[in-house]
Amino acid sequence: MLKKISALAAGLMIAASTFAQDTPNIIFILADDLGYADIGVNGQKLIKTPNIDALAKEGVTFTDFYAGAPVCSPSRSVLITGLHTGHTTIRGNSTIRGGIKGTKGKNPVSRANLAKDDFTVGQLMSKSGYHTALFGKWHLDGYDTLATPIHRGFDEFSGWLVSYGKTYAKGYWPEARYTNGKLVDIPGNQNGSKGYYTDDICTDESLAFLARQKNAAKPFLLMVNYNSPHSPFDAADSTIYQDKNWSADAKIYAAQVHHLDENIGKIKKYLTESGLSKNTIVFFCSDNGPRSEPSPDQTAVVEFFDSNGKLRGYKRDLYEGGIRVPMITWAPGKLKPGAVIDEPAYFADMMPTFADIARSKISYQTDGASILPFLNGKKATKPRFLYWEFFEKGFEQAVRYGKWKAVKAAGKFELYDLSNDVSETKDVALENLAIVKRIEEYLKTSRTESPFWPVEGRRGTE
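The residue numbering used here restarts from 1 in each chain and proceeds along that chain's sequence as written. The model is predicted, so local features are restricted to residues of pLDDT at least 70 and side-chain atom pairs to those at 80 or more, both for listing and for counting; the totals for chains, interfaces and linings are taken over all residues. Side-chain numbers here rest on the full set of heavy atoms in the structure, without hydrogens or water.

### Considering the side chain of Arg91
Phase 1 of the analysis: The helix and strand labels rest on DSSP assignments: H or I over at least four residues marks a helix, E over at least two residues marks a strand, and numbering proceeds from the N terminus. By the secondary structure assignment, Arg91 is in the loop between α2 (72-81) and β5 (100-101).
Phase 2 of the analysis: Each residue gets one of three labels from its accessible area relative to the maximum for its type: buried under 20%, exposed over 50%, partly exposed in between, using a 1.4 Å probe on protein chains only. Classification of Arg91 as buried rests on a relative accessible area of 2%.
Phase 3 of the analysis: By the criterion applied in these results, polar contacts are pairs of N or O atoms within 3.5 Å in which, for protein atoms, one can donate a hydrogen and the other can accept it, and in which residues neighboring in sequence qualify only through two side-chain atoms. A polar contact of 3.1 Å, which involves the side chain of Arg91, links it to the backbone oxygen of Gly86.
Phase 4 of the analysis: Only 3.1 Å separates the side chain of Arg91 from the side chain of Glu389, close enough to count as a polar contact.
Phase 5 of the analysis: Only heavy atoms matter for contacts: two residues are in contact if any of them lie within 4.5 Å across the pair. Those residues in contact with Arg91, other than ones at most four positions away along the chain, are Pro74, Thr85, Gly86, Glu389, Phe391, Arg447, Thr448, Glu449, Ser450 and Trp453.

### With respect to helix α10 (residues 433-443)
Phase 1 of the analysis: Listed as buried for α10 are Ile435, Val436, Ile439, Tyr442 and Leu443. Projected onto a plane normal to the axis of α10, the buried residues spread over an arc of 125° and lie on a single side. Among the exposed residues of α10, those pointing more than 90 degrees away from its buried face are Leu433, Ala434 and Lys437.
Phase 2 of the analysis: Close packing links the buried residues of α10 with β17 (385-390), β18 (396-401), β19 (404-409) and β20 (412-417). Starting at the helix axis, one direction is taken to each C-beta atom, and the arc is that of these directions.

### A few points about the side chain of Asp367
Phase 1 of the analysis: For Asp367, the position within the fold is in the loop between β16 (364-366) and α9 (372-375).
Phase 2 of the analysis: Residue Asp367 is classed as buried on the basis of its relative accessible area of 5%.
Phase 3 of the analysis: Within the local environment of Asp367, its side chain forms a polar contact with the backbone nitrogen of His84, the two atoms lying 2.9 Å apart.

### A word on the sheet that holds strand β3 (residues 60-62)
Phase 1 of the analysis: Two strands make a pair as long as DSSP finds a minimum of two bridges between them. Sheet architecture is open: ten strands sit in the order β10-β9-β8-β7-β11-β2-β12-β13-β3-β14, paired in mixed fashion. Lying at the two open borders of the sheet, with one neighbouring strand each, are β10 (182-185) and β14 (339-341). In this sheet, neighbouring strand axes are inclined to one another by 15° on average, regardless of whether the strands run parallel or antiparallel.
Phase 2 of the analysis: For β3 and β14, the ladder comprises three bridges, and the chain directions are parallel. The residue bridging Thr61 from the neighbouring strand is Val340, located in β14.
Phase 3 of the analysis: Seen against the sheet, helix α5 (residues 248-274) touches β2 (25-31), β11 (220-225), β12 (280-286) and β13 (327-330) and runs at an angle of roughly 170° to β2. Only the contacting stretch of a helix is used when fitting its axis, a line to C-alpha atoms as for every element, and angles between N-to-C directions run 0 to 180 degrees.

### What to know about unusual backbone geometry
Phase 1 of the analysis: Cis rather than trans, the peptide bond between Ser228 and Pro229 has omega equal to 0°.
Phase 2 of the analysis: Take Pro229: it is sitting in the loop between β11 and α5.
Phase 3 of the analysis: With an omega of 5°, the peptide bond running from Ser231 to Pro232 counts as cis.
Phase 4 of the analysis: Note on placement: Pro232 falls in the loop between β11 and α5.
Phase 5 of the analysis: The phi dihedral of His139 falls on the positive side, at around 65°, and the residue is not glycine.
Phase 6 of the analysis: Of note, His139 is situated in the loop between β7 (131-137) and β8 (156-160).
Phase 7 of the analysis: Judged by its relative accessible area of 10%, His139 falls in the buried class.

### Things to note about helix α6 (residues 296-304)
For the α-helix, the turn length of 3.6 residues means that residues three or four positions removed from each other point alike.
Phase 1 of the analysis: Of the positions making up α6, those classed as buried are Gln298, Thr299, Val301 and Val302. Seen along its axis, α6 keeps its buried residues to an arc of 165°; they face one direction. In α6, the exposed positions angled more than 90 degrees off the buried face are occupied by Pro296 and Glu303.
Phase 2 of the analysis: Taken from the residues just after α6, Asp306 is the one with a positive phi, measuring 55°.

Have a look at this one:
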């Protein structure tokens with residue numbers, strides 16, 4: 001159910017006095033298709049991620065944190081609007097009905113974009129006195145050139161957009177960058193050259209932004225949206241794991257994750273050496289589960305690295321492997337080092353969390369709740385509902401409610417007790433009819449119909 005937040009949320013757990021200012025800076029770092037167990041702190045044994053692991057050792061790790069959806073666009077829509085996939089505008093990578101059709105390929109898809117009246121985290125934080133910037137992947141413009149981050153509340157943006165093919169057609173080596181309203185050529189990547197890796201561009205832009213903001217009067221919100229390790233297999237340095245007896249694809253994938261970790265290390269190092277870390281809180285996570293496409297080569301690699309750990313499913317699944325993602329929060333000196341939080345939380349919670357950090361009094365609607373109380377070691381007094389829906393394989397829904405996880409697809413209701421079955425192997429719906437009934441009642445009011453993703457022949461979930 002949508003909640004209207006009209007003032008400072010109760011229970012701000014990171015006291016303002018522990019920061020250099022009353023309103024700390026916020027950095028949100030987002031990986032693309034990084035699996036839950038692709039990092040060392042979550043069990044990865046083969047790929048080295050020392051910088052991400054250091055964030056966890058010095059900060060707080062969430063074990064039960066979820067993306068907004070099992071694919072990119074709707075997941076990011078949840079993150080940016082604070083509304084889950086039953087309410088946010090974008091509920092899939094391509095639309096079922098309507099939207100704007102692309103011009104490439106034999107059967108171009110149609111996409112939806114964030115609407116003009118969507119209230120975004122960029123708008124919220126700007127109205128709350130923050131300077132806002134996003135670098136890297138947006139994926140919420142569809143094919144609308146007037147739906148960029150600059151048009152949706154962010155003060156600065158440089159990255160790639162679906163509506164400008166030159167910014168992404170060459171994958172990790174783009175020919176141009178869309179920077180604050182203008183296409184800017186990247187000299188090192190012209191005429192097929194591979195001189196400047198897109199994640200390195202993103203890091204350099206972020207570091208330049210941090211340098212500009214070091215002595216600024218306003219606090220800032222910086223969102224750093226990397227491409228790695230999304231397909232294709234293409235690393236900045238493919239030699240890192242060349243001595244391993246692995247497949248060529250596995251070596252490249254590992255190098256992509258390793259280089260992602262190196263870029264995060266550069267940001268962490270700058271924050272520490274510049275002193276910005278004294279007044280900054282950093283969040284790191286992924287936009288959904290691993291395996292960019294359900295292809296044999298992608299599947300072989302994520303299975304080789306056990307990218308999901310014990311979790312069932314991949315990207316495009318509403319099982320845990322598709323939506324449960326790494327989440328680490330780092331604010332040295334402000335959080336208990338090495339703490340682990342098992343409270344369920346997800347992307348819809350980030351907007352109220354940012355507002356809480358900013359001590360914002362701006363009104364907005366959200367399906368989420370601030371996670372700052374968890375960061376101070378508090379526990380939820382009662383379970384709440386977390387909701388997802390997805391359409392690529394027909395209308396599917398999922399709910400997390402305390403220890404329970406429900407998946408509903410093709411008229412079948414499955415229930416899992418994640419406290420002793422995180423792999424979702426045993427459906428216990430028949431043994432827990434009272435819980436099934438409670439979740440079914442919630443599903444009746446969990447969503448509104450979308451003009452782009454209609455549930456054919458039905459109203460809501462009836």
